[in-house]
Amino acid sequence: MVDVIENTLEMEEDTQTGRFLTFSLGRESYGIEIRYVTEIIGIQAITEIPELPEYVKGIINLRGKIIPVMDVRLRFKKEPREYNDRTCVIVVDIKDISIGLIVDSVSEVLTIPEQGIVEPPKMNKGFNNRYIKNIGKVGNDVKLLLDCEKLLTDDELENLSEVQ
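Computed from a predicted structure; not experimentally measured. (Residues numbered from 1 in each chain as written. Predicted model: local features only at pLDDT ≥ 70, side-chain atom pairs only at ≥ 80, totals over all residues. Heavy atoms only, no water.)

Peer 1: Just checking my understanding: could you explain the overall build of the protein for this structure?
Peer 2: A tally of helices and strands in the protein yields three helices and 11 strands. Looking at the protein as a whole, 41% of its 164 residues are labelled buried. The long-range share in the protein, meaning contacts at least 24 apart out of those at least 6 apart in sequence, stands at 54%. (Helix = DSSP H or I, 4+ residues; strand = E, 2+ residues; numbered from the N terminus. Buried < 20%, exposed > 50% of the residue type's maximum accessible area, 1.4 Å probe, protein only. Contact = heavy atoms within 4.5 Å.)

The structure is reproduced here in structure tokens:
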């Protein structure tokens, strides 16, 4: 019986390998590993909480569960943008904490084969984009593949876990 469960878990893991939920911020396309995503919802009422970093917009009540929401645009130091009917919240689990990521729009779930995933180019010595794990090549497009676990530092995660 244990073998059956282990095989099923391995199969589930295999079906998620190389699969990314893609979304847009302005003209850039990003992807996050599907294994982190729990659901996608439309933008909804956000309750602001004082003294949180600027990019953490506040909290939402998702079916009785309080979830902090982070504007990915602001986290990446991009220009703020009005939320509209295309704006989505991608709910992800990072180290057992649910967080909503506010993005301009969600595109699709893509499978990117291993050979289509490359490391980001090494820029000048002082530059290190900690959010980008890899780059996915999809046809003539590129998707910036995020490292979910680095979107927030351990301290930020700890502070947000107190909000929940």
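What follows picks up the thread again.
Peer 1: It is not clear to me how unusual backbone geometry should be interpreted in this structure. Could you clarify?
Peer 2: With glycine set apart, most residues show a phi of negative sign, and most peptide bonds adopt trans. Phi at Glu 51 takes a positive value of approximately 65°, unusual for a residue other than glycine. Along the chain, the position of Glu 51 falls in the loop between β3 (37-42) and β4 (56-62). You will see that Arg 63, though not glycine, has its phi angle at about 50°, which is positive. Within the secondary structure, Arg 63 sits in the loop between β4 and β5 (65-71).

Peer 1: Looking at this structure, I do not really get the environment of Leu 52. What am I missing?
Peer 2: Inspection of the secondary structure puts Leu 52 in the loop between β3 and β4. Leu 52 gets classed as partly exposed once you look at its relative accessible area, which sits at 22%. In this structure, the C-alpha to C-alpha distance between Leu 52 and Asn 159, residues 107 residues apart in sequence, is 9.0 Å.

Peer 1: Quick question: what am I supposed to make of the packing of aromatic side chains here?
Peer 2: Here the distance between the centres and the angle between the planes together describe a pair of aromatic rings. Within this structure, the stated rule accounts for three aromatic pairs. Each ring, one from Tyr 30 and one from Phe 76, has its centre 5.5 Å from the other, and the planes form 45°; the classification is tilted. With Tyr 30 in strand β2 (residues 28-33) and Phe 76 in the loop between α2 (72-75) and β6 (88-94), the pair connects residues that are 46 residues apart, well separated along the chain. The pair formed by Tyr 30 and Phe 76 is uniform in burial state, with each residue classed as buried. A connected cluster of aromatic rings, assembled from ring pairs, spans Phe 23, Tyr 30, Phe 76 and Tyr 131. Above the face of the Tyr 55 ring, Arg 75 is positioned so that its terminal group lies 4.3 Å from the ring centre. (Phe/Tyr/Trp six-rings, centres within 6.5 Å; stacked < 30°, edge-to-face > 60°. Lys NZ or Arg CZ within 6 Å of the ring centre and 35° of its normal.)

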